[in-house]
Amino acid sequence: MTSFTSSPTPDNTKDHPIESFTYPHSVQDDPNKIWLEKVYRKHYFNSSTEIELDDYVSEHEFGFRLFDGHIRRHLNFKNKRELIASIIKFSPSDVFCSPARYQYPSASMDQKGWLGADLIFDIDGKDLQLDCAQIHNMTFCKNCKVIEKGVQSNCSKCKSSLVQVIELPCQNCIKNLKKEVTKLVEVLHEDFGIDKDNINIFFSGNNGFHIHVIDDNFFRSNSMKRSSLTQYLLGRGYLIDNLGFRVDTSNNITLLRNKIYYNRGWRARLLNQLHLQLKNHRLDDKFIKKITHIKETNNLGILDMINNQIQNISVKIDPNVTIDIHRIFRLAGTINSKSGLVKSRCKDLNSFNPFTESCIKEDSLVKVNAFVDTKTAFNGSSYKIKTGQNILPEYVAVYVVSKGLGDIYIEK
Ligand SMILES: [Zn+2]
Ligand SMILES: [Zn+2]
């Protein structure tokens with residue numbers, strides 16, 4: 001039974017929903033929102049098969065964010081057909097589904113009867129702090145409504161600090177995000193024995209990737225266990241002693257002779273990064289000679305070198321997403337309203353291009369009034385968008401309007 005209950009619990013969807021993305025030029029009965037809602041409905045009507053669900057639809061909690069800004073949580077559907085009918089009817093700006101399964105998914109949080117939850121990871125472009133993002137992202141001033149190129153902490157026109165960054169990920173952003181995903185998959189597989197077939201990779205629909213792990217060993221894990229896993233992935237609290245040597249305060253190196261480990265996991269990754277290979281997994285005098293050599297030939301102290309390498313090889317996940325076992329998370333195959341792109345499965349991560357594979361298919365030509373000049377590429381064509389009126393296919397127009405870079409132009 002579909003029941004719309006208003007949310008009595010603090011909302012913990014990933015995308016900070018309440019303040020969420022405010023359309024920079026939003027007005028009451030915003031034509032942009034009215035138009036987007038119509039395009040989304042058309043998309044869901046034509047492409048509902050893209051929506052991905054497991055075999056336990058009735059045990060998940062669903063959440064809709066509607067174009068009027070309201071969030072409905074604790075929704076429950078008997079089956080996929082009922083869910084899709086509801087998505088087409090309400091045409092939500094965002095659709096969420098709990099990685100958790102419950103006895104009573106529509107009950108309040110403490111009455112739901114938690115059965116377990118798939119293990120999820122979120123890798124977000126914001127956390128990579130890439131140099132390119134500082135240049136190609138834009139800044140919208142909520143005070144004077146000006147959009148400037150680059151990331152600014154204050155509006156350069158009115159000096160207001162009420163600014164909002166418009167994320168416009170480029171191919172370099174995507175490449176670096178993929179690198180993080182690859183690291184994550186390797187660690188989950190090598191250090192935790194998770195079968196690669198059980199690791200599902202999705203483009204988040206905006207500026208990141210979501211990884212869903214289906215594994216019985218983690219399904220019933222509580223937040224604490226998931227938290228330890230995130231600490232491991234982030235390389236937090238790593239003891240350098242585990243590398244088999246110790247560096248004292250005077251920067252002297254001692255070999256910890258009784259430390260013989262299999263050369264796997266973090267230890268192997270770190271030693272490899274430092275170009276320290278172990279023979280037969282044993283530490284010997286040759287090993288200490290090599291460390292001493294590194295120490296003497298580098299300006300950086302050995303501890304700093306190790307810490308830098310930990311930074312390089314740790315996986316930049318958002319730990320809160322993994323730890324929260326009651327969260328609702330964007331549903332695969334639905335549109336992300338921050339961009340108008342679909343959260344879509346990456347069958348081949350290396351070749352995956354979100355600007356081709358995650359676009360909606362709606363391609364009728366529409367008029368968009370752009371606020372700034374910008375360049376984008378979709379479906380293999382590049383689009384030079386000029387300030388003022390542009391004629392664009394709907395899949396490009398949805399991106400421009402969702403990003404707050406232009407208004408849809410409706411003939412009166
Ligand atoms: Zn301003
Ligand atoms: Zn970039």
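Structure: above.
Attention in this report is confined to the structure presented alongside it. Residues take numbers from 1 onward in each chain, read along the sequence in its written order. Chain letters start at A and ligand numbers start at 1, both assigned in the order the entries are written. Thresholds applied to this predicted model are a pLDDT of at least 70 for local features of residues and 80 or more for the giving and counting of side-chain atom pairs; totals over whole chains, interfaces and linings are not thresholded and use all residues. As a rule here, side-chain values cover all heavy atoms of the structure and leave hydrogens and water aside.

Below, the discussion takes up helix α4 (residues 171-192). Only runs of H or I of at least four residues qualify as helices and only runs of E of at least two qualify as strands under DSSP, and these elements are numbered from the N terminus. Multiplying one less than the number of residues by 1.5 Å gives the expected span of a helix. For α4, which comprises 22 residues, the first-to-last C-alpha distance of 31 Å matches the rise-based estimate of 32 Å (1.5 Å per residue) to within 8%. After α4 finishes, the residue Gly 193 shows a positive phi value of roughly 65°.

Turning our attention to helix α12 (residues 394-402). Note on exposure labels: buried denotes an accessible area under 20% of the residue type's maximum, exposed denotes more than 50%, and partly exposed covers the range between, all computed with a 1.4 Å probe on protein chains only. In terms of residue burial, α12 counts as a mostly covered element, since 9 of its 9 residues are buried. Three or more residues of α12 are buried, namely Glu 394, Tyr 395, Val 396, Ala 397, Val 398, Tyr 399, Val 400, Val 401 and Ser 402. Looking at the residues trailing α12, positive phi occurs at Gly 404, about 75°.

We count a salt bridge whenever a side-chain nitrogen from Lys or Arg sits within 4 Å of a carboxyl oxygen from Asp or Glu. Evaluation of the coordinates by the stated rule reveals 15 salt bridges. In this structure, Arg 330 engages Asp 94 in a salt bridge whose closest nitrogen and oxygen atoms are separated by 2.7 Å. One end of the pair, Arg 330, is in strand β15 (residues 329-330); the other, Asp 94, is in strand β4 (residues 94-97), with 236 residues separating them in the sequence. Taken together, the shared-partner salt bridges in this structure form one network comprising Glu 61, Arg 73 and Lys 112.

Turning our eyes to something else, we now look at the packing of helix α7 (residues 265-273) against helix α9 (residues 302-313). Between α7 and α9, the least distance of the axes is 10 Å, while the angle of their chain directions is 115°. Considering the relative orientation of α7 and α9, their crossing is right-handed. Of α9, the residues touching α7 (which contributes Trp 266, Arg 269, Leu 270 and Gln 273) are Ile 306, Gln 309, Ile 310 and Ile 313. Interaxial angle, 0 to 180 degrees, is taken between N-to-C directions of lines fitted to C-alpha atoms, where a helix line uses only the stretch in contact. Each crossing gets its hand from how the near helix is turned against the far one by less than a right angle, where anticlockwise is left-handed and clockwise is right-handed. Working rule for contacts: check all heavy atoms of both residues, and any pair within 4.5 Å makes them a contact.

So, about the side chain of Ser 93. Inspection of the secondary structure puts Ser 93 in the loop between α2 (80-90) and β4. Take Ser 93: its relative accessible area is 5%, and that puts it in the buried class. Here the side chain of Ser 93 touches Asp 94 through a polar contact of 2.9 Å, side chain to side chain. Excluding residues within four positions of it along the chain, Ser 93 makes contact with Tyr 40, Arg 65, Leu 66, Phe 67, Ile 335 and Ser 337. In the analysis that follows, any N or O atom pair within 3.5 Å is treated as a polar contact, provided that within protein one partner can donate a hydrogen and the other can accept it, and provided that, for residues neighboring in sequence, both atoms belong to side chains.

Glancing now at the coordination of the zinc ion (ligand 2). Donor atoms from the polypeptide that coordinate the zinc ion (ligand 2) comprise Cys 132 (SG), His 136 (NE2), Cys 170 (SG) and Cys 173 (SG), at 2.1 to 2.3 Å from the metal. Donor selection uses N, O and S atoms within 2.8 Å of the metal (3.2 Å for Na, K and Ca). Since no water is included, sites may look incomplete. Each label reflects the angles at the metal, where four donors whose angles all fall between 85 and 135 degrees are tetrahedral, four or six donors whose opposite pairs open beyond 155 degrees and whose other angles stay between 65 and 115 are square planar or octahedral respectively, and the rest are irregular. Geometry at the zinc ion (ligand 2) is tetrahedral, judged from its 4 donor atoms and the angles of 101 to 119° they form at the metal.

Distances from the zinc ion (ligand 1) to its protein donors, Cys 141 (SG), Cys 144 (SG), Cys 155 (SG) and Cys 158 (SG), fall within 2.3 to 2.4 Å. Coordination at the zinc ion (ligand 1) comes from 4 donor atoms whose angles at the metal span 102 to 116°, giving a geometry best classed as tetrahedral.

Right, let's talk about the nonpolar core for a bit. We define the nonpolar core as a collection of buried residues of types Ala, Val, Leu, Ile, Met, Phe, Trp, Tyr and Cys that are connected through side-chain atoms lying within 4.5 Å of one another. With 77 residues, the main nonpolar core has Trp 35, Phe 121, Leu 184, Phe 209, Ile 211 and Phe 378 as its most contacted residues. Looking at this core, the element that brings in the most residues is α4, giving 8 residues. Here Leu 184 is in contact with Phe 121, Ile 123, Ile 211, Leu 233, Val 315 and Ile 317, once residues within four sequence places are set aside. Of all hydrophobic cores here, the second largest spans 22 residues; its members include Leu 243, Val 247, Leu 276 and Ile 310.

Time to look at the layout of surface pockets. Put simply, the grid is 1 Å and covers the protein atoms alone, a cavity is a trapped set of points that fit a 1.4 Å probe, a pocket is an open set with protein on both sides within 12 Å along at least five of seven lines, and lining residues have an atom within 4 Å of a point. Grid points are joined across faces, edges and corners, and a volume is the space filled by probe spheres set on the points. Of the volumes computed, that of the second largest pocket is approximately 500 Å³. Along the wall of the second largest pocket there are 23 residues; nearest its centre are Pro 169, Thr 374, Lys 375, Thr 376 and Ala 377. The set of elements that each furnish at least two residues to the lining of the second largest pocket consists of α3 (131-136), β20 (374-378) and β21 (381-385). When residues in the lining of the second largest pocket are grouped by element, the largest group, 5 residues, is from β20. A per-class count over the lining of the second largest pocket returns 11 nonpolar, 7 polar and 5 charged. In the scheme used here, Gly and all other residues not listed as nonpolar or charged are polar, with Ala, Val, Leu, Ile, Met, Phe, Trp, Tyr, Cys and Pro taken as nonpolar and Asp, Glu, Lys and Arg as charged.

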